[in-house]
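# Analysis of the macromolecular model
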2 protein chains.
Amino acid sequence: MHLGADELVETLRRAGLRATAARRAVCEVVATHHEEHLTPASIVAHLSGRVDQSTVYRTLEALEGAGVLVHTHLGHGPAVYHLTDEPVHQHLVCRRCGRTIEIGSPRLAELLAAITDQTGFVADPAHFALSGLCAGCAAADR
Amino acid sequence: MHLGADELVETLRRAGLRATAARRAVCEVVATHHEEHLTPASIVAHLSGRVDQSTVYRTLEALEGAGVLVHTHLGHGPAVYHLTDEPVHQHLVCRRCGRTIEIGSPRLAELLAAITDQTGFVADPAHFALSGLCAGCAAADR
DNA sequence: CTCCTTGCAAAAGTTTTGCAGGGGC
DNA sequence: GCCCCTGCAAAACTTTTGCAAGGAG
């Protein structure tokens, strides 16, 4: 099970931050819509503008600093936010149809380990998507 | 050897575009500084503002459309541009010190092939960097 | 009561677009 | 001469910041 809104608020409290209505509301949206690709703008929309965008950005920043949330760049648009208690995965975005798929742990861990072996670099798959062509579009290409 | 300015201009011409002074100038900078991480702004700077930024963007877009150039997102700043005749490589950007390193062909091709095997997705390593910690910063972390 | 937070507004940073004049072919 | 290109200016879009008023602890 994923972190709930209360646990997110508690995380902020442990970080020395106050539990305000605005922060609770943002945590609520993040917890409730964890399987969506949440952007700051979509969070503001979910809250019908009752919380200002700057407050949403600041709350997301705080949650990210506390380690329970990360943001990922899927493309040229806004960043999307993810709870970190989801299994590690790499986003693959099709540059033709825009569809996003994810690849999960076992093979991915292997790939990243190979990079670390070769370079010492410890890659973090969450932060950037990989761009390319999905199976369908790649097939249509030929 | 890399593509020279004249070859880039010729590429544009083959795409049905005119060989203007502004485009020649941009091609000159791209060809001459191919080992730098060129951003639209740095290209404008190299040209001392003699070519407008919008023209630079439009020329880069044309070169990219012609397949001789790609842009990569290294982080939160502007995109960087690369000639495509450079060997395929993946950028790794350290989120702590900002240093960028690259990993080259043989292993990388293997990793991407593994992804394609698993998902059918044909990943393009050029478009996004991988974020993480470089060997030095990862070591300092412990 | 203190000072952390908020909303508002504006700025910052990157990229795109509309338009009238100028230049390539 | 036709119409593609350019520079200029402004807009679009995402994110950040300054500040005075308001609310948590």
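Residues numbered from 1 in each chain as written. Chains lettered and ligands numbered in written order. Predicted model: local features only at pLDDT ≥ 70, side-chain atom pairs only at ≥ 80, totals over all residues. Heavy atoms only, no water.

## Brief notes about the interface of chain A and chain B
- If you look at the interface, chain A gives 33 residues, while chain B gives 33 residues.
- Here chain A packs against chain B, burying approximately 2,900 Å² in sum over the two surfaces, 70% of which is carbon and sulfur.
- Summed over the shared surface of chain A and chain B, the result is two salt bridges.
- The partner of Asp124(A) in a salt bridge is Arg95(B), and the shortest N-O contact between them spans 3.6 Å.
- Where chain A meets chain B, there are eight residue pairs in polar contact (both at pLDDT 80 or more). (Contact = heavy atoms within 4.5 Å. Buried area = accessible area lost by both parts, 1.4 Å probe. Salt bridge = Lys/Arg side-chain N within 4 Å of Asp/Glu carboxyl O. Polar contact = N/O pair within 3.5 Å; in protein donor to acceptor, adjacent residues only side chain to side chain.)

## Here we look at the environment of Leu111(A)
- By the secondary structure assignment, Leu111(A) is in helix 5 (residues 105-119).
- By relative accessible area, Leu111(A) is classed as buried at 9%.
- Sequence-wise, Leu111(A) and Ala123(A) are 12 residues apart; in three dimensions their C-alpha atoms are separated by 9.8 Å.
- If we ignore the near neighbours within four places in the chain, the residues touching Leu111(A) are Leu111(B), Ala114(B) and Ile115(B). (Helix = DSSP H or I, 4+ residues; strand = E, 2+ residues; numbered from the N terminus. Buried < 20%, exposed > 50% of the residue type's maximum accessible area, 1.4 Å probe, protein only.)

## Digging into the relation of the copies chain A and chain B
- Under the fitted operation, chain A is carried onto chain B by 0.0 Å of movement along the axis and a turn of 180°, and the coordinates agree to an RMSD of 0.1 Å. As the rotation angle and translation indicate, the two copies are arranged about a two-fold axis.
- Taken together, the interface assignments show that 100% of the residues at the interface of chain A recur at the interface of chain B, consistent with an identical surface on both copies. (Least-squares fit on C-alpha atoms with pLDDT ≥ 70 in both.)

## Here's the deal with the domain arrangement of chain A
- Along its sequence, chain A is carved into domain 1 (5-70) and domain 2 (90-141).
- Computed from C-alpha atoms alone, the centre-to-centre distance between domain 1 of chain A and domain 2 of chain A is 27 Å. (Domains from an automatic or database assignment.)

## Thoughts on the protein's contact with DNA strand D
- If you check the shell around DNA strand D, you find 21 residues, and the closest are Arg18(A), Gln53(A), Tyr57(A), Thr20(B) and Thr55(B).
- Each atom of DNA strand D within 4 Å of the protein was classed as base or backbone; sugar and phosphate made up 65%.
- Between DNA strand D and Arg18(B) there is a distance of 3.0 Å, counted from a phosphate oxygen to a backbone nitrogen or oxygen.
- Backbone polar atom of Arg50(B) to a phosphate oxygen of DNA strand D: 3.2 Å apart, as the coordinates give it.
- For the surface near DNA strand D, the element with the highest residue contribution is helix 4 (residues 53-65) of chain A, accounting for four residues.
- A breakdown of the residues in the surface near DNA strand D according to their chemical character gives eight nonpolar, five polar and eight charged. (Near = heavy atom within 4 Å. Nonpolar A, V, L, I, M, F, W, Y, C, P; charged D, E, K, R; others polar.)

## Quick look at the sheet that holds strand 6 (residues 130-133) of chain B
- Strand order across the open sheet formed by four strands is 5(A)-6(B)-3(B)-4(B), with mixed pairing between neighbours. Edge positions in the sheet fall to strand 5 (122-124) of chain A together with strand 4 (100-103) of chain B, since each has one partner strand and no second. For this sheet the average axis-to-axis angle between neighbouring strands, irrespective of direction, equals 40°. (Pairing = 2+ DSSP bridges. Axes fitted to C-alpha atoms, helices over the stretch in contact; angles between N-to-C directions.)

## Concerning the sheet that holds strand 3 (residues 90-94) of chain A
- Read from one edge of the open sheet, four strands run 4(A)-3(A)-6(A)-5(B), paired in mixed fashion. Looking along the sheet, the strands with just one partner apiece sit at the ends: strand 4 (100-103) of chain A together with strand 5 (122-124) of chain B. Going across the sheet, the axis of each strand differs from the next one's by a mean of 40°, ignoring polarity.
- Taken together, the four bridges between strand 3 of chain A and strand 4 of chain A define a ladder with antiparallel strand orientation. The partner of His91(A) across the bridge, within strand 4 of chain A, is Glu102(A).

## Observations regarding the environment of Thr119(A)
All names here are of chain A.
- If you trace the backbone, Thr-119 turns up in helix 5.
- Taking the relative accessible area as the measure of exposure, Thr-119 reaches 25% and is therefore partly exposed.
- Considered as a pair, Thr-119 and Val-26 are 93 residues apart in the sequence and their alpha carbons are 39 Å apart.
- One polar contact links the side chain of Thr-119 to the main-chain carbonyl oxygen of Ile-115, over a distance of 2.7 Å.
- Within the local environment of Thr-119, its side chain forms a polar contact with the backbone nitrogen of Phe-121, the two atoms lying 3.0 Å apart.

## Regarding the packing of helix 1 (residues 5-14) of chain A against helix 2 (residues 21-32) of chain A
Residue and element names in this part refer to chain A.
- Helix 2 packs onto helix 1 with a crossing angle of 135° between their chain directions and a minimal axis gap of 8 Å. Considering their axes alone, helix 1 and helix 2 lie oblique with respect to each other. In this structure, helix 1 meets helix 2 at a crossing whose hand is right-handed. Only Arg-23, Arg-24, Cys-27, Glu-28, Val-30 and Ala-31 of helix 2 make contact with helix 1, whose side of the interface consists of Ala-5, Leu-8, Val-9, Leu-12 and Arg-13.
- Within the contact of helix 1 with helix 2, the residues separate by chemical class into seven nonpolar, no polar and four charged. (Parallel < 35°, antiparallel > 145°, perpendicular 65-115°, else oblique. Left-handed = near helix turned anticlockwise from the far one by under 90°.)

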